[in-house]
Amino acid sequence: RKEVEQDPGPFNVPEGATVAFNCTYSNSASQSFFWYRQDCRKEPKLLMSVYSSGNEDGRFTAQLNRASQYISLLIRDSKLSDSATYLCVVPSSNTGKLIFGQGTTLQVKP
Amino acid sequence: DTEVTQTPKHLVMGMTNKKSLKCEQHMGHRAMYWYKQKAKKPPELMFVYSYEKLSINESVPSRFSPECPNSSLLNLHLHALQPEDSALYLCASSRTSGSQETQYFGPGTRLLVL
């Protein structure tokens, strides 16, 4: 089993749709989780951090299910500008090493 | 301010050249990182510096040589690279290397090796 797994997509959705991505992780001791967004030919940018059961920021909600070892990212009322690759990231330890999922590509269409 | 800067933005080099990539942050972060990213793949960790000391080298070939002159600067010296080393090189920093620390990425240097 990969340390961090994501469905690569692509997810093609119309504007205004609600879309959810799942990410599973193998290390049951992991305490913190991150969602980064990466636009084409740009650097990853932090979207959300998740330390407890979940986090919400506007249209974006991240939920953590420790029992099943997955994190989800929900995007409501999708905008064209939400089109990007979303990276699920889990720190492996206190060394600073991040384990990245393969990324999920979202394309929001008019 | 969560800015990490990198220079140059683009670099083309031959296999016999020597060049350096530079990264700078003024957030007082004590952990800095180099990543390599190929198209349609996630970033791959190369090196971690914690408090200006190299703490992780992910078995990177010696043609890549990192240097941390001070707590704000991180360099990556390149020598005798191969065409397969062409990639986006990302620098990142975080307050410390703790697992709950957010890493902030610079815009990257897009490297092409001919």
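From a predicted model like this one, the values you see are computed outputs, not experimental measurements.

(A) Focus on the pattern of salt bridges. Residue and element names in this part refer to chain B. Within the structure shown, the criterion is met by nine salt bridges over all chains. Glu52 is the partner of Arg30 in a salt bridge, and the nearest nitrogen-oxygen pair spans 3.0 Å. Residue Arg30 is located in the loop between strand 3 (18-25) and strand 4 (31-37), and its partner Glu52 is located in the loop between strand 5 (44-50) and strand 6 (53-57); the two are separated by 22 residues in the primary sequence. Among the ionic pairs, Asp85 bridges to Lys36, the shortest N-O distance being 4.0 Å. Placement of the pair is Asp85 in the loop between strand 8 (73-79) and strand 9 (87-94) and Lys36 in strand 4, with a sequence separation of 49 residues. Residues Asp85 and Lys36 agree in their burial class; the two are buried. Put simply, Lys36, Arg63 and Asp85 are held in one network by salt bridges that share partners.

(B) Structural context of the sheet that holds strand 6 (residues 54-57) of chain A. Residues and elements named next belong to chain A. Overall, antiparallel pairing links the five strands, which are arranged 1-3-8-7-6 in an open sheet. In the strand order of this sheet, the two ends are held by strand 1 (4-6) and strand 6, each with one partner. In this sheet, adjacent strand axes meet at a mean angle of 15 degrees when their direction is disregarded. Relative to strand 8 (residues 70-75), strand 7 (residues 60-65) runs antiparallel, the two being bridged by six bridges. Looking across to strand 8, one finds that Gln63 is bridged to Ser72.

(C) Focus on a nonpolar patch on the surface. Taken together, the side chains of Val12, Leu112 and Leu114 of chain B make up a nonpolar region of the molecular surface, amounting to roughly 290 Å² of accessible area. Tracing the sequence through the fold places Leu114 of chain B in the segment after strand 11 (109-113).

(D) Focus on the interface of chain A and chain B. The interface is formed by 23 residues belonging to chain A together with 23 residues belonging to chain B. In total, about 1800 Å² of surface goes out of reach between chain A and chain B, with carbon and sulfur atoms giving 53% of it. Among the residues of chain A in contact with chain B, Arg41, Glu43 and Phe100 of chain A are the three that bury the most area, contributing 23% of the side total. Linking chain A to chain B there are one salt bridge. For Glu58 of chain B, the salt bridge is made with Lys97 of chain A, and the minimal N-O distance between the two is 2.8 Å.

(E) Representation of the state of the cysteines within the structure. Residue and element names in this part refer to chain B. Within the structure shown, the criterion is met by two disulfides over all chains. Disulfide partner of Cys23: Cys91, at an S-S distance of 1.9 Å. With the S-S dihedral at roughly -70 degrees, the linkage between Cys23 and Cys91 falls on the left-handed side. A residue pair is termed long-range when its members are at least 10 positions apart, and Cys23 in strand 3 and Cys91 in strand 9 qualify at 68 residues. Looking at Cys23, the relative accessible area reads 2%, which means it is buried.

(F) Structural context of the nonpolar core. Formed by 24 residues in total, the largest nonpolar core has its most connected members in Phe21, Trp35, Ile71, Ile75, Tyr86 and Leu106 of chain A. Contributions of two or more residues to this core are made by strand 3 (19-25), strand 4 (33-38), strand 5 (44-50), strand 7, strand 8, strand 9 (84-91) and strand 11 (104-109) of chain A. Core analysis: the second largest hydrophobic core is formed by 22 residues, Cys23, Phe47, Leu74 and Leu78 of chain B among them.

What counts and how
Residues numbered from 1 in each chain as written. Chains lettered and ligands numbered in written order. Predicted model: local features only at pLDDT ≥ 70, side-chain atom pairs only at ≥ 80, totals over all residues. Heavy atoms only, no water. Salt bridge = Lys/Arg side-chain N within 4 Å of Asp/Glu carboxyl O. Helix = DSSP H or I, 4+ residues; strand = E, 2+ residues; numbered from the N terminus. Buried < 20%, exposed > 50% of the residue type's maximum accessible area, 1.4 Å probe, protein only. Pairing = 2+ DSSP bridges. Axes fitted to C-alpha atoms, helices over the stretch in contact; angles between N-to-C directions. Patch = residues over 30% accessible without salt bridge, like charges linked within 9 Å, V, L, I, M, F, W, Y side chains within 5 Å. Areas by Shrake-Rupley, 256 points an atom, 1.4 Å probe, with all protein chains shown as cover. Contact = heavy atoms within 4.5 Å. Buried area = accessible area lost by both parts, 1.4 Å probe. Disulfide = S-S within 2.5 Å. Core = buried A, V, L, I, M, F, W, Y, C linked by side-chain atoms within 4.5 Å.

Remember that the coordinates give geometry; whether it matters functionally is a separate question.
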